Amino acid sequence: MSFKSGFVAILGEPNVGKSTLINTLIKEKVAIVSPKPQTTRDKIIGVYNDNDSQIVFIDTPGMHTSKNKLDEFMSKSIDSAKRGVDVILLVIDGSRKITSKDIEIIKAYDKQKVILVVNKIDLSTFEDLYPKLEQFNDLKNIVDIVPLSAKRGDNIQVLIDIIKKYLPSGVKYFDSDVYTDKSVRYIVKEIVREKALWYLQDEVPHGIAVEIVEFTEGENLTTIAADIICEKQSHKSIIIGKDGGMLKKIGMAAREDIEKVVEGKVMLKLFVKVREDWRDNNKYIKDLGYEQNDL
Ligand SMILES: Nc1nc2c(ncn2[C@@H]2O[C@H](COP(=O)(O)OP(=O)(O)O)[C@@H](O)[C@H]2O)c(=O)[nH]1
Ligand SMILES: [Mg+2]
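Note that this is a predicted model, so its numbers are computed, not measured. (Residues numbered from 1 in each chain as written. Chains lettered and ligands numbered in written order. Predicted model: local features only at pLDDT ≥ 70, side-chain atom pairs only at ≥ 80, totals over all residues. Heavy atoms only, no water.)

Chemist: In this structure, what is going on with the sheet that holds strand β8 (residues 221-230)? I would like to understand it.
Modeler: Think of a sheet as strands paired side by side through backbone hydrogen bonds, with each pair either parallel or antiparallel. In spatial order, the strands read β7-β8-β9; together these three strands make up an open sheet with mixed pairing. Sheet topology places β7 (209-217) and β9 (265-274) at the edges, where each strand pairs with a single neighbour. When the angles between neighbouring strand axes are averaged without regard to direction, this sheet yields 20°. Direction of pairing for β8 relative to β9: parallel, over a ladder of ten bridges. (Pairing = 2+ DSSP bridges. Helix = DSSP H or I, 4+ residues; strand = E, 2+ residues; numbered from the N terminus. Axes fitted to C-alpha atoms, helices over the stretch in contact; angles between N-to-C directions.)

Chemist: Just checking my understanding: could you explain the coordination of the magnesium ion (ligand 2) for this structure?
Modeler: By definition of the ideal shapes, a tetrahedral metal site with four donors has angles of 109.5 degrees and an octahedral site with six donors has angles of 90 or 180 degrees. Taken together, the protein ligands of the magnesium ion (ligand 2) are Ser-19 (OG) and Thr-40 (OG1), with distances of 2.0 to 2.2 Å. Of this pair, Ser-19 sits in helix α1 (residues 18-26) while Thr-40 sits in the loop between α1 and β2 (44-50); the two residues are 21 residues apart in sequence, bridging distant segments of the chain. Assessed through its relative accessible area of 8%, Ser-19 is described here as buried. On the basis of relative accessibility, which here comes to 7%, the residue Thr-40 falls in the buried class. (Donors = N, O, S within 2.8 Å, 3.2 Å for Na, K, Ca; no water. Buried < 20%, exposed > 50% of the residue type's maximum accessible area, 1.4 Å probe, protein only.)

Chemist: Help me understand the side chain of Ser-149, please; the structure alone is not making it clear to me.
Modeler: With respect to the secondary-structure elements, Ser-149 resides in the loop between β6 (142-147) and α5 (156-165). From its side chain, Ser-149 meets the backbone nitrogen of Arg-152 in a polar contact 3.0 Å long. If we skip the residues at most four places from it in the chain, Ser-149 touches Asn-119, Lys-120, Ile-121, Asp-122 and Asp-154. (Polar contact = N/O pair within 3.5 Å; in protein donor to acceptor, adjacent residues only side chain to side chain. Contact = heavy atoms within 4.5 Å.)

Chemist: Got a minute to help me understand the domain arrangement of the protein chain in this structure?
Modeler: Frequently, the measure chosen for interface size is the accessible area removed from exposure when the parts meet. The domains assigned to the protein chain are domain 1 (4-165) and domain 2 (184-287). When each unit is reduced to the centre of its C-alpha atoms, the spacing between domain 1 and domain 2 is 28 Å. Listed as interface residues are 14 residues of domain 1 and, on the opposing side, 19 residues of domain 2. Between domain 1 and domain 2, a total of about 1,600 Å² is buried, with carbon and sulfur atoms accounting for 54% of that surface. By the criterion of area lost to domain 2, the three top residues of domain 1 are Ile-32, Lys-36 and Arg-41, representing 37% of everything that side buries. In this assembly, domain 1 and domain 2 are joined by two salt bridges. If you look at where domain 1 meets domain 2, you find six residue pairs in polar contact (both at pLDDT 80 or more). In terms of residue class, the side of domain 1 that touches domain 2 is built from six nonpolar, three polar and five charged. (Domains from an automatic or database assignment. Buried area = accessible area lost by both parts, 1.4 Å probe. Salt bridge = Lys/Arg side-chain N within 4 Å of Asp/Glu carboxyl O. Nonpolar A, V, L, I, M, F, W, Y, C, P; charged D, E, K, R; others polar.)

Chemist: It is not clear to me how the packing of aromatic side chains should be interpreted in this structure. Could you clarify?
Modeler: Inspection of every chain in the model, using the stated rule, returns two aromatic pairs. The ring of Trp-198 is capped by Lys-195, whose NZ or CZ atom sits 3.9 Å from the centre of that ring. (Phe/Tyr/Trp six-rings, centres within 6.5 Å; stacked < 30°, edge-to-face > 60°. Lys NZ or Arg CZ within 6 Å of the ring centre and 35° of its normal.)

Chemist: Looking at this structure, I do not really get a negative patch on the surface. What am I missing?
Modeler: Residues Glu-72, Glu-276, Asp-277 and Asp-280 make up a contiguous surface patch of negative charge. Mapped onto the elements, Asp-280 comes out in the loop between β9 and α9 (282-287). Overall, Asp-280 belongs to the partly exposed group, its relative accessible area being 45%. (Patch = residues over 30% accessible without salt bridge, like charges linked within 9 Å, V, L, I, M, F, W, Y side chains within 5 Å. Areas by Shrake-Rupley, 256 points an atom, 1.4 Å probe, with all protein chains shown as cover. Lys, Arg positive; Asp, Glu negative; His and termini not counted. Charge placed at Lys NZ, Arg CZ, Asp CG, Glu CD.)

Chemist: Quick question: what am I supposed to make of the site of ligand 1 here?
Modeler: Every one of the 17 residues lining ligand 1 counts as a neighbour, but Asn-15, Gly-17, Lys-18, Thr-20 and Asp-122 are closest to it. For the shell around ligand 1, the leading source of residues is α1, giving three residues. Split by residue class, the shell around ligand 1 holds six nonpolar, seven polar and four charged. (Near = heavy atom within 4 Å.)

Chemist: Please clarify how the nonpolar core should be interpreted in this entry.
Modeler: Nonpolar side chains in soluble globular proteins tend to end up buried together. Leu-21, Phe-57, Leu-89, Leu-159 and Ile-239 are the most contacted members of the largest nonpolar core, which totals 55 residues. Per-domain counts for this core show at least three residues from each of domain 1 (4-165) and domain 2 (184-287). Beyond its immediate sequence surroundings of up to four residues, Phe-57 is in contact with Val-8, Ile-10, Ile-22, Leu-25, Ile-26, Ile-44, Ile-45, Gly-46, Tyr-48, Leu-89 and Ile-163. Within the second largest apolar cluster, 24 residues are counted, among which are Leu-11, Val-56, Ile-92 and Ile-121. (Core = buried A, V, L, I, M, F, W, Y, C linked by side-chain atoms within 4.5 Å.)

Here you go:
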C-alpha cells in the first residue's frame, strides 16, 4: 500500500468535543478543553504519524454567530480551515438529542467528503444511540459515520483507518517528530487560559487572554511569567480571589500540566492586568497572538 497523507478539518458546534478529539488522535495536548463554549479561539494543527500515513488535523473554534472582533477572527479561522482539506470531520454530541438544526448543518456540507463523528458515546447506551444514528442513514453527503468517545479513546483507531481510506497518496508535510504548528510558549499560555476557564464563572473567563512575559529555560528549572489579561477592574479582583486564592488555584493546576509539556520542573508566576474591552480592539487581538496563520 502506498503512503497516505492529507489534511483533515475538525468542525462542529461549541462543546461537542473537537479539541478533546484532536488531543486523543495525536496523543499530545495541543488544544485546551473545557466544559464552557468557545474555549478554542484559534486554528490548531495536530499531526498524526504512523508507518503508512501522516494525517494533519486542524482543530477549529466552534461555529457561532459573531458578537465582537475576536468572534469575527474565530469564524474566519473556521472558513480558512475548511478550504483545501481532503476530509472534514463533522463532530456532533451523541449524548444530546439530534435536532433538525443538526441535520441542516450536516446537509450544508455537500461539496466535500464528510465523516460524521458522533462523540461522547460513553454517555449513552446502545439503545439510546442506535435510533439517533439511523436518522443519518439518508444523508447522502456523509461518506461514513463513526460513533466514538474522544475522552475515553473508544473507536479512535476505527476513525483513523476510515480517514486513511479517503486520503490521497502523498508525502510527509511535517517531520515525524513535529506534532503541532504551535510553539511551547503558545501551548503554555493556552494551558493557563484553560485553568482560568475551569475555575472562573459567568462572563469572566471569556474575556481573558494570556500573555507570556518571561520564558527562561534553566538547567533544572524553567521560569515562566505570564499576564492574565482581563476586561474590567472588577474581573481582576475575581481572578485574584480572596487572599490570592483563585490565582493560586489557577497557577497550581496550570503548572502541573505545563511541567508535562516542557518535561521538567517549572516555576510559574502569574499576574493579572486590565485592558478594557480588548476583545473589540484589533490591535490587542493581534498583540495577544490571535493572528491568521494560513497553511
Ligand atoms: N463524556 C464525555 N465528555 C467529553 C467527550 N469529549 C469531550 N468531552 C467533554 O466535553 C467538553 C467540551 O470539550 P471540548 O473538547 O473543549 O469541546 P470543543 O468546544 O468542541 O472543542 C469538555 O468538558 C470535555 O471534557 C467524550 O467523549 N465523552
Ligand atoms: Mg475546542
